[in-house]
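Observations on chain architecture
Here is what each chain is made of, one letter per residue.
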Amino acid sequence: MNPSGSTDAGSLEAMVRQVIGHQDGSRFVEILPQLSDDLNEVDAVIQEALRSTYPFLTEAANYATASGGKRLRPLVILVVYRGLTSDATKPVHPLAAAFQLIHTASLVHDDLIDHAPLRRGKPSVHEAFGLPTAIVAGDYLFVRAFQLAGRYSPEVIQRCGDASADLALGEVMQENSRFDLSIDRERYLRIVTLKTANAIAAGAEAAAMVARAEPRVIRSLGEYGQALGIAFQLKDDALDMYGESDVTGKPLLSDLREGLPTLPSILAYQRLSDREREEFERLFTLRHKRQAHLLRLKELCDTAGVREPVEREAEKWVATAIEALHAIPPSPFRDLLEAVASGSIQRKV
Ligand code: IPE
Ligand code: IPE
Ligand code: MG
Ligand code: MG
């Protein structure tokens, strides 16, 4: 896999290994090949869904999907399904494709809201194709996702709809909090739940529904997905500050640059001395920041010692996710879901 997260040179299996972080992947040698076959099928469903008679739109949509990313959402859907039934996996492929398309659509729109120049190591869609095409391509990806989801039961379709609506609400709430350092942990977690975790939860629940699991199991998998999603976003926010841009494929310090309060900056604001807090707020709320401003903001986060409590918070959500897995029978697939949860905060990409 190349550093931006695409799989052109490497295998999907290698990508799954990357998702589980530095844990021992040899435990999963039996099941990884099946899962990478599934992911290949999901990619094929996506490609088929994006065929359009409008070449320019198809080009932008394919550009957004081609780099693939880590495929966390389809992976969770496939592993949940395989962990609950030995039925053929074909029936769940369109669902996994739909959730990956919803995710991709949200990234296209998120990048233009966040003025992000780079995604998965390549120019973001609005950089490559311009703003109007990026808006329409995002819409187009959502619509194709719902054409795929439309073949499932009303409950599953409802989950996909709620997940997408929550995503939109999360983005709006985040936008309303831009430059506002007074938001607390609870509000931050609410935004993260809406913009990231609920879609992962909905995917896990929908997969359990397609596998005809009991309501209790469906609920637990929703709890798993939600806690995993929160941990995953906490790590994303930490990587923005402590990661390596050529590995994440995204520019560093972009949340600070954009004035988006994430847990590291919220905690820094709470913990700094009065004088430092004033400086932090002054720099954080600048509409145009120079590199020196960003580095000073990061330095103040370090002074406040925020890295460790952010990691503790993420670990707590991983433990919650793993706990929720007790509702499903032990199997290598359950172990893999556990490894995905642990890996969500160990990852560098
Ligand atoms: C990025 O998601 C947006 C967040 C919710 C943090 P991913 O990190 O899953 O993005 P890709 O699909 O792997 O690029
Ligand atoms: C996740 O938040 C955005 C969505 C869920 C669409 P971020 O804004 O932190 O994601 P990145 O860092 O741009 O990938
Ligand atoms: Mg963003
Ligand atoms: Mg981010």
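As shown above, the structure is provided for reference.
Here is a short report on the structure shown in this document. (Residues numbered from 1 in each chain as written. Chains lettered and ligands numbered in written order. Predicted model: local features only at pLDDT ≥ 70, side-chain atom pairs only at ≥ 80, totals over all residues.)

1. Focus on the site of ligand 2
As a matter of local geometry, ligand 2 sits amid Ser-106, Leu-107, Asp-110, Asp-114, Ala-116, Lys-195, Thr-196, Asp-236 and Lys-250. Taken together, the residues of the shell around ligand 2 sort by class into 2 nonpolar, 2 polar and 5 charged. (Near = placed C-beta within 6 Å. Nonpolar A, V, L, I, M, F, W, Y, C, P; charged D, E, K, R; others polar.)

2. Focus on helix α8 (residues 154–176)
Residue pairs three or four apart in sequence face the same way in an α-helix, which turns once every 3.6 residues. Taking 1.5 Å per residue as the helical rise, α8 with its 23 residues ought to reach 33 Å, and the 33 Å between its terminal C-alpha atoms agrees with that figure. Buried within α8 we find Val-156, Arg-159, Cys-160, Ala-163, Ser-164, Leu-167, Gly-170 and Gln-174. Against the buried residues of α8 lie α5 (93–113), α7 (131–149) and α9 (185–210). (Helix = DSSP H or I, 4+ residues; strand = E, 2+ residues; numbered from the N terminus. Expected span 1.5 Å × (residues − 1). Buried ≥ 20, exposed ≤ 12 C-beta atoms within 10 Å, placed from the backbone. Contact = placed C-beta atoms within 7 Å.)

3. Notes on the packing of helix α4 (residues 72–84) against α9
The contact between α4 and α9 brings their axes to 8 Å, and the two run at 30°. Relative to α9, α4 is oriented roughly parallel. Of the two possible hands of crossing, α4 and α9 adopt the one that is right-handed. Here α4 contributes Arg-73, Val-76, Ile-77, Val-80, Tyr-81 and Leu-84 to the contact with α9, which in turn contributes Ala-199, Ile-200, Gly-203, Ala-204, Ala-207, Ala-208 and Val-210. A class-by-class count of the residues in the contact of α4 with α9 yields 11 nonpolar, 1 polar and 1 charged. (Axes fitted to C-alpha atoms, helices over the stretch in contact; angles between N-to-C directions. Parallel < 35°, antiparallel > 145°, perpendicular 65-115°, else oblique. Left-handed = near helix turned anticlockwise from the far one by under 90°.)

4. Concerning the site of ligand 1
Close to ligand 1 lie 8 residues, the nearest being Gly-69, Lys-70, Leu-72, Thr-196 and Asp-236. Split into classes, the residues belonging to the shell around ligand 1 amount to 1 nonpolar, 4 polar and 3 charged.

5. Brief notes about the environment of Val-310
By secondary structure assignment, the location of Val-310 is in helix α16 (residues 307–324). Along the sequence, Val-310 and Glu-30 sit 280 residues apart, while their C-alpha atoms lie 35 Å from each other.

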